[in-house]
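# Structural description and commentary
The chain contents come next:
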Amino acid sequence: MFITIDGIDATGKTTIAQQLYKHLKNQNDNVVLLRDPGTTVLAEKIRDILKTTHTSAMEQLYLFLAAKASLTHEIIQYLEKGYTVISDRYIDSTFVYQGMLNNISPLTIQKLGQYAYIPPDITFITKCNSSNILQRLLHRNDSDLIEKSLNQNKIEHMIQCFERLPEIFPKRLYYFIDTNVSIEESLKQVISYLHSFN
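Keep in mind it's a predicted model, so treat the numbers as computed, not measured. (Residues numbered from 1 in each chain as written. Predicted model: local features only at pLDDT ≥ 70, side-chain atom pairs only at ≥ 80, totals over all residues. Heavy atoms only, no water.)

With that settled, the discussion passes to helix α2 (residues 41-52). Note on helix geometry: an α-helix contains 3.6 residues per turn, so any two residues three or four positions apart are oriented the same way. For α2, built from 12 residues, the straight-helix expectation of 16 Å at 1.5 Å per residue is met to within 8% by its first-to-last C-alpha distance of 17 Å. By the burial criterion, the buried members of α2 are A43, I46, R47 and L50. Burial along α2 is one-sided: seen end-on, the buried residues are contained in an arc of 110 degrees. Structural note: α2 exposes V41, K45 and T52 on the side pointing more than 90 degrees away from its buried face. (Helix = DSSP H or I, 4+ residues; strand = E, 2+ residues; numbered from the N terminus. Expected span 1.5 Å × (residues − 1). Buried < 20%, exposed > 50% of the residue type's maximum accessible area, 1.4 Å probe, protein only. Arc of directions from axis to C-beta.)

Next up, the structure:
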């Protein structure tokens, strides 16, 4: 099974991904946690570039797709070995951050990146109100260029973009997680849904 956890920065998705990994690891050794962009040597180098270098919208999009292609190769290898794969971010972040925020349709990115990614079995999207997101971002000491560009209006727009994804890709399986609550409560939502899915 391929599970992705996506959403806006500071909505708890990385923590939830880590906690879900620990939960599943206690039940099954064949679980792996990856991150996008990153994980592979090439993708980590691209991640470093993206975090520190100002790029145009199209430069950023193609860099993300290159990183994703490298990561996807690894994902497929794990899936073929029978692993449950959890990815902290994946294609949906690219649809929103590099796509919809720059007036590039997710369907256009789907065509451009058709060989760079595979559809996840389940995508969990972390959902948090904009004031909580801004408050959490203010307390971060290691914000990257993308995080530093966020403001209330942009966050509100991004929330709407993520909410539109199930309409744009009706064959995909999306589940929205309320992350205004504690991490423990958010994780319960994920585990409960996974149990119903199985």
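This next bit is on unusual backbone geometry. The peptide bond linking D36 to P37 adopts the cis configuration, its omega dihedral lying at 0 degrees. With respect to the secondary-structure elements, P37 resides in the loop between β2 (31-35) and α2. At T39, a residue that is not glycine, the phi angle is positive and equals roughly 80 degrees. Summarising the element assignment, T39 is placed in the loop between β2 and α2. Of note in the backbone geometry, R89 takes a positive phi value of approximately 75 degrees without being a glycine. As for its placement among the helices and strands, R89 is situated in the loop between β3 (84-88) and α4 (91-99). Looking at R89, the relative accessible area reads 10%, which means it is buried.

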